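This is what each chain is made of:
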Amino acid sequence: MEMFDEAQDALIPDCRPDMKPYIGQVFETLDEGISFYEAYANECRFDTRRFGHKYSNDIKTWQTIYSTDPGSPCYVVSNFVDLHNHEMVDKKHVRYMKSNRNLGDIHYKFMQDCSKANIGPTRTFNLLKEFLGGYDAVGCTVTDIRNCKRDILQEMKGADVQMILNQMEVKKNTCDGFHYKFQQGTDGKLKSLFWCDAVSRKNYTMFGDIVSFDTTYSTNKYCMVFGPFTGKDNHGCPVTFGTGFVSNEGADSFSWLLSEFVDCMGFAPKLIITDQDWGMKLAIERVLTSTRHRWCMWHIMMKLSEKVPKRILPNEELKKDLDSCIWSELLEPEEFEETWLNIVDQYGLQNEAWFTTVSQ
């Protein structure tokens, strides 16, 4: 039994007489007695624990034990101390008491849906607050949701692959022209996935001469690389040709994805634009043997600050000259080459390898 210093201020909480335990009180089951005491604690605004023990230097020094009279199937209160050496929980904080935090079926179902949508614990809690009508109605804390979502994700681990493949199969059976292919590892994890629908295939037939393949984005849940195949229609509006996931940015992964793309569409693009990824470069050389490969200008310009010598990086005139050369739609190829070489000479960039090779 835990003791407290009697010199400290003792507090007897206010409680309705019918909810307060008393010596000699009888309960038919242990659970009935525990439930009664927990209701008393909740009324008085303090938390409880059902069973407990403490260790000191690997020796058990305190243990709660329940027993009954062999001749009686009932449990009787033999001792009751209503003094507390602590303040009761403030009324505005009662909702945070453990006894008032309970995750029910509604919580679990909602958290499962949020987990599938990759919504984090804090946003899940805020959504529950709005749906259920305020903080007092949520019935849990953000920490409770975080712990529960961790368990849910552990349960869902391994089932997500089959779930998305089932969704793909349903799409294929219900939507004409829908196509998907996938690869799984020996451990059952999804390695690669490609899919497209009838609209995407029609777009490619009409506007697939030039394709942009951008793998800038990755999922934050499974660390898979997301790669959409996109282009532009006759009005300059973006169109999608297909979409893929790969587990890494290696040449083999990209080779599989590009092969599935060409097999689905029936022909390779004349030109493909990508970022400066060497695994992708090797994959394009393997699969798209007759396709011209060019790097995305946006990715090139993002690396400019890394390639320009620090001595001239703040030079605003250099930035203006580069922009007028790179982004001009009026320069013919010969004029572009001449302008680029003039910039290299003007700012003394002849010995910077990146400036002499990037335009080739």
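Quick caveat, the model's predicted, so the values are computed rather than measured. (Residues numbered from 1 in each chain as written. Predicted model: local features only at pLDDT ≥ 70, side-chain atom pairs only at ≥ 80, totals over all residues. Heavy atoms only, no water.)

1. Here's the deal with the packing of helix 2 (residues 105-116) against helix 3 (residues 121-132)
Then, number 1: Their axes nearest at 11 Å, the elements helix 2 and helix 3 cross at an angle of 130°. On the basis of the axis angle, helix 2 is oblique to helix 3. Helix-helix and strand crossings are classified by hand; for helix 2 and helix 3 the assignment is right-handed. Along its contact with helix 2, which presents H107, F110, M111 and C114, the element helix 3 presents T124, L127, L128, F131 and L132. (Axes fitted to C-alpha atoms, helices over the stretch in contact; angles between N-to-C directions. Helix = DSSP H or I, 4+ residues; strand = E, 2+ residues; numbered from the N terminus. Parallel < 35°, antiparallel > 145°, perpendicular 65-115°, else oblique. Left-handed = near helix turned anticlockwise from the far one by under 90°. Contact = heavy atoms within 4.5 Å.)

2. With respect to the pairing of strand 8 (residues 225-232)
Then, number 1: Alignment of strand 7 (residues 210-213) against strand 8, held across two bridges, turns out to be antiparallel. The residue bridging F213 from the neighbouring strand is F229, located in strand 8.
Then, number 2: Pairing between strand 8 and strand 9 (residues 238-246): eight bridges, direction antiparallel. Across the sheet, the residue bridging to V225 is V246, located in strand 9.
Then, number 3: Where strand 8 folds back on strand 9, the antiparallel hairpin that results is connected by five residues, among which G236 adopts a positive phi of roughly 80°. (Pairing = 2+ DSSP bridges.)

3. A look at the sheet that holds strand 7
Then, number 1: The mixed open sheet is built from seven strands, whose spatial order is 5-6-9-8-7-10-11. At either end of the open sheet lies a strand with only one pairing partner, and these are strand 5 (179-184) and strand 11 (292-295). Across the sheet, the mean angle from the axis of one strand to that of its neighbour is 20°, orientation sign disregarded.
Then, number 2: Packed onto the sheet, helix 8 (residues 251-265) meets strand 5, strand 6 (190-196), strand 7, strand 8, strand 9 and strand 10 (271-274) and runs at close to 25° relative to strand 6.
Then, number 3: Here helix 9 (residues 278-287) sits on the sheet and contacts strand 7, strand 10 and strand 11; the angle it forms with strand 10, its principal contact strand, is near 165°.

4. Observations regarding the pattern of salt bridges
Then, number 1: For the structure shown, the criterion picks out six salt bridges.
Then, number 2: For the salt bridge of D113 with K109, the shortest nitrogen-to-oxygen distance reads 2.9 Å. Taken as a pair, D113 and K109 lie in helix 2 at a separation of four residues, close to a single helical turn.
Then, number 3: Note on D113: relative accessible area 34%, which makes it partly exposed.
Then, number 4: Overall, the relative accessible area of 48% leaves K109 in the partly exposed class.
Then, number 5: For K129, the salt bridge is made with E130, and the minimal N-O distance between the two is 3.3 Å.
Then, number 6: A relative accessible area of 17% places K129 in the buried class. (Salt bridge = Lys/Arg side-chain N within 4 Å of Asp/Glu carboxyl O. Buried < 20%, exposed > 50% of the residue type's maximum accessible area, 1.4 Å probe, protein only.)

5. Comments concerning a nonpolar patch on the surface
Then, number 1: A contiguous nonpolar patch, built from I106, F131 and L132 and spanning about 320 Å² of accessible area, is present on the exposed surface.
Then, number 2: Among the secondary structure elements, I106 is positioned in helix 2.
Then, number 3: By relative accessible area, I106 is classed as exposed at 60%. (Patch = residues over 30% accessible without salt bridge, like charges linked within 9 Å, V, L, I, M, F, W, Y side chains within 5 Å. Areas by Shrake-Rupley, 256 points an atom, 1.4 Å probe, with all protein chains shown as cover.)

6. Topic: the packing of helix 12 (residues 316-326) against helix 13 (residues 333-346)
Packed helices, taken two at a time, are described by the angle their axes make and the gap between the axes.
Then, number 1: In the contact formed by helix 12 and helix 13, the axes pass within 10 Å of each other and the chain directions differ by 165°. By the angle between their axes, helix 12 is roughly antiparallel relative to helix 13. In the packing of helix 12 onto helix 13, the handedness of the crossing is left-handed. Between helix 12 and helix 13, the residues in contact are L318, D321, L322, C325 and I326 and F336, T339, W340, I343 and Q346, respectively.
Then, number 2: Of the residues assigned to the contact of helix 12 with helix 13, the class counts are seven nonpolar, two polar and one charged. (Nonpolar A, V, L, I, M, F, W, Y, C, P; charged D, E, K, R; others polar.)

7. As for the side chain of T291
Then, number 1: In this fold, T291 is placed in the loop between helix 9 and strand 11.
Then, number 2: A relative accessible area of 9% means that T291 is categorised as buried.
Then, number 3: Setting aside residues up to four positions removed in sequence, T291 forms contacts with A268, P269, K270, L271 and I272.

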